[in-house]
Amino acid sequence: MISADLTELIPGTKSVPKHLELNINNLENYLKTLGLQDDSQPIVKVFEHGESNPTYYVSYGGKRMVLRKKPPGKLLPSAHAVDREFKVMSAVGKAGVPVPNMVAYCDDDSVIGTPFYLMDYMRGRLFKDLKLGEVPRSSRREIVMAMVKVLSQIHAVDIDKVGLSNFGKKGQFCERNFKRWASQYNMSKTHEIPAMTKLMEWLPKHMPQNERVTVVHGDFRLDNMIYHPEHNDVLAAIDWELSTIGDPITDLATCVAAYYLPVEFTHPPGLKGADLQSLGIPTLDEILAEYCKLNNLPYIENWDFYMAFVLFRQAAILQGVYKRSLSGQSSSSQGKVVGLLAETKANIGWEIASKSKLTPTTNNTSASSQIQQTRNFSTLRSVGRQTIMSTLARPLSSGAPGQVGQMAVTVEGLSPRVQDLHRRVKQFVRDLVMPLEQVHRHHMQSSDRWKILPETEALKAKAKEQGLWNLFLPKESDPAGKYGAGLTNLEYAFLCEEMGNSMLAPEVFNCSAPDTGNMETLVRYATEEQKEKWLKPLLDGKIRSCFAMTEPAVASSDATNIESSIRREGDHYIVNGHKWWTSGALDPRCKICIFMGKTDTSAQKHRQQSMILIPMDTPGVKVVRPLTVFGYDDSPEGHGEVIFENVKVPVSNILLGEGRGFEIAQGRLGPGRIHHCMRLIGCAERALELMLERTTKRVAFGKPLAAQGSIQQDVAKSRLEIEQCRLLVLKAAYMMDLYGNKVAAPEIAMIKIVAPNMALRVIDRAIQAHGGAGVNDDLPLAHLFAKARTLRLADGPDEVHMRTVARFQYAKITRPKL
């Protein structure tokens with residue numbers, strides 16, 4: 001056995017210790033088979049970093065390489081599979097994931113004792129500590145987010161396209177992975193660890209029910225990234241030993257495990273208790289939000305499971321390292337120390353699990369359930385502007401009652417928590433809100449109509465007390481559930497439908513426009529100071545808000561046409577503009593306006609606009625009049641025509657920054673853009689319910705109206721249209737949750753057309769069945785009709801949405817741009 005000294009300096013390497021020596025003559029002969037030639041033997045050093053597969057630096061024939069091999073001695077089954085490591089890195093590299101160039105794989109044990117592979121050596125920076133003390137504070141956030149970006153690239157790899165279809169079993173990854181590491185832990189156990197025993201009881205009872213299937217790295221951490229020597233980009237993700245096909249959230253949990261480890265922890269150095277703001281690194285919530293954004297994912301509701309799962313796995317791995325260190329097989333001098341940390345990580349994992357509010361999930365070990373949990377409802381690929389939806393080869397199997405694939409189609413398909421919320425919202429609307437409708441209608445026709453109705457405020461207090469508050473804010477905007485109920489768009493759709501049964505209901509639950517869109521805007525784009533001043537009281541229901549975008553002089557549904565100006569003068573902005581249809585502007589509780597105008601007319605078309613916060617009591621803000629909608633002034637909120645004349649506000653009131661207005665407008669029209677469609681389903685259901693009640697009690701021509709053939713046809717048509725529309729709305733919400741608003745754009749455009757037109761037809765039939773009573777304000781039908789008709793404009797004209805749908809259709813056949 002021979003080892004050569006290294007004449008060139010390679011950071012992180014040392015002389016090869018006795019137990020890891022290689023047969024240099026055999027290695028040289030193998031390198032010659034690859035076409036490499038040199039006058040001297042290969043130069044070999046071992047990398048100090050790592051406790052698993054021994055990793056060497058090899059220089060020969062003018063080529064600098066890294067060699068990874070299995071460790072010597074008896075190994076645990078399926079561990080240290082360097083062949084898989086070589087295969088996955090070769091595959092994902094073709095898909096654009098940053099990895100080293102793979103040179104060769106050798107499965108001949110006679111060369112250096114165990115199988116190994118070679119890849120190009122990449123000179124760059126390695127960081128072992130997320131505190132990143134060795135780099136300037138200004139670079140730390142960028143370095144961390146670059147790692148998150150690479151993780152997203154890995155999880156976006158098309159498994160079939162890169163030849164990894166058979167790289168691992170698809171589905172039930174956490175269950176299978178748990179069994180593997182539990183088995184290996186038991187095989188390597190040197191003493192009893194109570195927390196591991198408890199985790200092995202808790203984890204199987206809380207397995208995820210709907211796992212995504214992607215390539216997973218398996219040990220994705222900062223210290224497995226090679227960064228550019230000068231820039232903050234990742235050159236390569238390394239150490240793919242544990243890679244397979246599985247649940248990507250396990251990678252994410254591995255990536256951020258340091259946030260759960262105390263600062264005194266050494267492997268890896270922990271962040272719990274550290275001053276993250278002072279360090280200049282992103283918070284855990286920010287990392288999760290960035291990952292969800294890059295992958296178009298909703299908030300990860302069962303995050304506690306994944307963290308407990310990953311810490312259990314790490315503890316099991318560390319226990320294996322510890323046992324190998326006792327037998328002299330560990331590749332690191334720190335093996336014994338690292339192995340002793342297994343118990344600490346297990347304790348932290350159990351602490352997370354024991355404090356978790358997750359309810360046990362159903363057993364998913366049956367064959368039929370396994371098929372259900374491992375498939376996706378659909379696979380979407382984006383080709384330019386073309387969106388293709390292709391159902392997986394396997395037939396669509398039903399899961400829980402009321403569920404198709406992973407998409408709930410009835411309330412029964414929702415989680416127990418959301419079913420309970422739905423039940424309570426429905427009961428609240430029926431028992432408390434609807435009985436108040438006539439009182440509210442009389443109030444709207446009185447001389448006091450611009451004053452707040454006390455009964456409405458009392459209902460809001462009850463809803464807040466019962467936890468039926470701020471249900472609208474989607475996980476994608478609030479992944480940590482800090483501000484809202486943490487519902488997905490799909491889950492909220494069912495609740496929003498119930499709110500649509502009554503015109504009063506959305507406000508009662510603090511889920512009414514324009515506050516919902518404004519609150520989401522502040523959550524996404526406001527500074528902490530702005531959130532404290534305006535978002536908090538909005539979330540508490542103490543104030544209300546308005547949104548000033550539409551202008552009477554231009555077609556301002558296209559934000560690039562906006563003419564209002566926002567001009568900077570020193571430490572202030574001077575705002576001028578003429579706005580109308582500023583809903584909520586007349587409400588005495590309206591204290592803040594989000595105003596859209598142009599800060600730079602010479603900039604690129606979509607970089608001219610900005611948004612700024614304007615307190616309604618600022619001098620120069622003048623509400624000219626309320627506008628009516630088919631005669632309804634919608635008091636006490638109203639739709640204001642507002643003049644902004646030389647309105648002076650501090651520079652600190654700008655949202656996100658100058659030129660970011662169009663970007664904010666698109667974000668603001670995210671989930672909120674389909675809330676109206678969700679509510680319209682409820683409006684139609686209410687109209688149909690009133691129609692059924694009327695036609696069973698009203699007698700004409702000697703028999704109830706319900707016996708008339710034409711009435712029966714109207715009822716049947718209404719039911720058909722409601723069901724069709726609901727499914728399309730649910731599909732759009734589901735796609736927004738799973739793939740993001742951009743991919744879901746065709747479906748969003750479709751429901752903007754379908755929902756209001758469907759509601760108008762159903763409401764019109766109900767009005768017809770009621771005769772003169774249908775157009776009178778004794779019933780909600782006339783007002784519902786006016787609202788539904790308005791939404792064919794307020795959410796964008798039908799013609800614009802038709803154009804969008806048509807363009808997506810033409811894009812599929814790659815016709816010339818229209």
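In this text, all values refer to a predicted model and were calculated from it rather than measured experimentally. (Residues numbered from 1 in each chain as written. Predicted model: local features only at pLDDT ≥ 70, side-chain atom pairs only at ≥ 80, totals over all residues. Heavy atoms only, no water.)

### Topic: the overall build of the chain
Looking only at helices and strands, the chain has 26 helices and 23 strands in total. Across the chain, every contact between residues at least 6 apart in sequence was considered, and the portion connecting residues at least 24 apart equals 72%. (Helix = DSSP H or I, 4+ residues; strand = E, 2+ residues; numbered from the N terminus. Contact = heavy atoms within 4.5 Å.)

### Let's talk about the sheet that holds strand β6 (residues 116-120)
Strands belonging to one sheet form pairs held by backbone hydrogen bonds; the direction of such a pair is parallel or antiparallel. As summarised here, the arrangement of the six strands in space is β1-β2-β3-β4-β6-β5, forming an open sheet in which the pairing is antiparallel. Either end of the sheet is taken by a strand with one partner, and the two such strands are β1 (13-14) and β5 (102-106). Relative to β6, β5 runs antiparallel, the two sharing four bridges. Of the residues in β6, the one forming a bridge with Ala104 is Leu118. (Pairing = 2+ DSSP bridges.)

### Some words on the nonpolar core
Core analysis: the biggest nonpolar cluster contains 102 residues, and Leu471, Tyr492, Leu495 and Phe509 have the highest contact counts within it. Top element by residues in this core is helix α23 (residues 709-739). It accounts for 14 residues. For Phe509, the residues in contact, after removing those within four places along its chain, are Val425, Phe428, Val429, Ala463, Leu468, Trp469, Asn470 and Met499. Listed in part, the 98 residues of the second largest apolar core include Ala91, Leu132, Phe265 and Cys292. (Core = buried A, V, L, I, M, F, W, Y, C linked by side-chain atoms within 4.5 Å. Buried < 20%, exposed > 50% of the residue type's maximum accessible area, 1.4 Å probe, protein only.)

### Describing unusual backbone geometry
Residue Pro514 is bonded to the preceding Ala513 through a cis peptide linkage, with omega at 0 degrees. Put simply, Ser635 and Pro636 share a cis peptide bond, and its omega is 5 degrees. In this structure, Pro636 sits in the loop between β20 (621-627) and β21 (639-650). Of note, Asn296 is a non-glycine position whose phi angle comes to about 55 degrees, a positive value. Its place among the elements puts Asn296 in the loop between α9 (284-294) and α10 (303-327).

### Here's the deal with the packing of aromatic side chains
Applying the stated criterion across every chain yields a total of 11 aromatic pairs. The interplanar angle of 20 degrees and the centroid separation of 5.6 Å between the aromatic rings of Phe305 and Phe309 together place this pair among those described as stacked. In this pair, Phe305 and Phe309 are both assigned in helix α10, four residues apart and thus about one turn of the helix distant. When its relative accessible area of 0% is taken as the criterion, Phe305 is described as buried. Take Phe309: its relative accessible area is 1%, and that puts it in the buried class. Joined through ring pairs, the aromatic side chains of Phe86, Tyr105 and Tyr117 make up one cluster. Its guanidinium or amino end placed over the ring of Phe595, Lys579 lies 4.8 Å from that ring's centre, counting from NZ or CZ. (Phe/Tyr/Trp six-rings, centres within 6.5 Å; stacked < 30°, edge-to-face > 60°. Lys NZ or Arg CZ within 6 Å of the ring centre and 35° of its normal.)

### Regarding the confidence of the model for the chain
Caution applies to low-pLDDT parts of the model: their predicted coordinates are not meant to be read in detail. Per-residue pLDDT for the chain averages 87, and the proportion of residues at 70 or more is 88%. Here residues 329-333 scores under 50 on pLDDT; set against residues more than four positions off or in separate chains, the count is 21 contacts. A low-confidence stretch, residues 363-400 (pLDDT under 50), is modelled with 79 contacts involving residues beyond four sequence positions or located in other chains. (pLDDT = per-residue confidence, 0-100.)

### Some remarks on a negative patch on the surface
A cluster of like negative charges, contributed by Asp83, Asp107, Asp108 and Asp109, occupies part of the molecular surface. Mapped onto the elements of the fold, Asp109 is located in helix α3 (residues 109-112). (Patch = residues over 30% accessible without salt bridge, like charges linked within 9 Å, V, L, I, M, F, W, Y side chains within 5 Å. Areas by Shrake-Rupley, 256 points an atom, 1.4 Å probe, with all protein chains shown as cover. Salt bridge = Lys/Arg side-chain N within 4 Å of Asp/Glu carboxyl O. Lys, Arg positive; Asp, Glu negative; His and termini not counted. Charge placed at Lys NZ, Arg CZ, Asp CG, Glu CD.)

### So, the packing of helix α14 (residues 416-433) against helix α16 (residues 454-465)
To characterise two packed helices, one gives the angle between the axes of the helices and the distance between these axes. Their axes nearest at 12 Å, the elements α14 and α16 cross at an angle of 155 degrees. Compared by their axis directions, α14 and α16 come out roughly antiparallel. Crossing of α14 against α16: the hand is right-handed. Of the residues in α16, those in contact with Phe428, Leu432 and Val433 of α14 are Leu459, Lys462 and Ala463. For the contact of α14 with α16, the residue count by class is five nonpolar, no polar and one charged. (Axes fitted to C-alpha atoms, helices over the stretch in contact; angles between N-to-C directions. Parallel < 35°, antiparallel > 145°, perpendicular 65-115°, else oblique. Left-handed = near helix turned anticlockwise from the far one by under 90°. Nonpolar A, V, L, I, M, F, W, Y, C, P; charged D, E, K, R; others polar.)

### Thoughts on the side chain of Asp634
If you trace the backbone, Asp634 turns up in the loop between β20 and β21. Beyond its immediate stretch of four places on either side in the chain, Asp634 contacts Met444, Val629, His639, His783 and Lys787.

### Topic: the pattern of salt bridges
Using the criterion set out here, one finds 47 salt bridges in the structure. Between Asp219 and Arg221 there is a salt bridge; the shortest N-O distance is 3.7 Å. Per residue, the accessibility class of Asp219 equals that of Arg221, and both read buried. The salt bridge partner of Arg589 is Glu637, with a shortest N-O separation of 3.7 Å. Of the two residues, Arg589 is situated in the loop between β17 (572-583) and β18 (590-598) and Glu637 in the loop between β20 and β21; the sequence distance between them amounts to 48 residues. In this structure, Arg589 and Glu637 share a single accessibility class: buried. Overlapping salt bridges, with partners in common, bring together Glu457, Lys460, Glu507, Asp515, Arg544, Asp587, Arg589 and Glu637 in one network.

### Topic: the pairing of strand β19 (residues 609-615)
Judged by how many residues are buried, β19 sits mostly within the fold: seven of seven residues are covered. The alternating pattern of β19 places Gln609, Met611, Leu613 and Pro615 and Ser610, Ile612 and Ile614 on opposite faces, both of which are buried. For β18 and β19, the ladder comprises seven bridges, and the chain directions are antiparallel. Looking across to β19, one finds that Met596 is bridged to Met611.

### A few points about the environment of Gly620
Structurally, the position occupied by Gly620 is in the loop between β19 and β20. When residues no more than four places from it in sequence are discounted, the contact partners of Gly620 are Ile643, Phe644, Glu645 and Val647.

### Observations concerning the state of the cysteines
The tally for this structure, following the rule as stated, stands at zero disulfides. We note that Cys511 lacks a disulfide partner, and the nearest cysteine sulfur, in Cys496, lies 7.5 Å from it. (Disulfide = S-S within 2.5 Å.)

### Quick notes on helix α6 (residues 194-202)
Among all positions of α6, only Ala195, Met196, Leu199 and Trp202 are buried. Along the long axis of α6, the arc covered by the buried residues comes to 125 degrees, so they all point the same way. (Arc of directions from axis to C-beta.)

### Here's the deal with the packing of helix α17 (residues 489-499) against helix α22 (residues 675-697)
Running from amino to carboxyl end, α17 crosses α22 at an angle of 35 degrees, the nearest separation of the two axes being 8 Å. For the pair α17 and α22, the sense of crossing is right-handed. Where α17 abuts α22, its residues Asn489, Tyr492, Ala493, Cys496 and Glu497 lie against His675, Met678, Arg679, Ile681, Gly682 and Glu685. Split by residue class, the contact of α17 with α22 holds five nonpolar, three polar and three charged.

### Some details on the environment of Thr344
Looking at the secondary structure, you find Thr344 in helix α12 (residues 342-355). Separated by 33 residues in sequence, Thr344 and Leu311 have C-alpha atoms that sit 9.6 Å apart.

### Observations regarding helix α25 (residues 781-794)
In a regular helix each residue adds 1.5 Å, so 14 residues correspond to 20 Å; α25 covers 19 Å between its end C-alpha atoms and thus fits that length. Those residues of α25 not exposed but buried are Leu781, Ala782, His783, Leu784, Ala786, Ala788 and Leu791. Positive backbone phi, at 100 degrees, marks Gly796, one or two positions downstream of α25. (Expected span 1.5 Å × (residues − 1).)

### As for the environment of Glu28
Along the chain, Glu28 falls in helix α1 (residues 24-33). For Glu28, a relative accessible area of 12% puts it in the buried group. Distance from Glu28 to Ile43, taken between C-alpha atoms, is 9.9 Å for residues 15 residues apart in sequence. The contact partners of Glu28, leaving out residues within four places of it in the chain, are Asp38, Ser40, Gln41, Pro42 and Tyr60. In this structure the side chain of Glu28 is engaged in a polar contact, spanning 3.3 Å, whose partner is the side chain of Tyr60. (Polar contact = N/O pair within 3.5 Å; in protein donor to acceptor, adjacent residues only side chain to side chain.)

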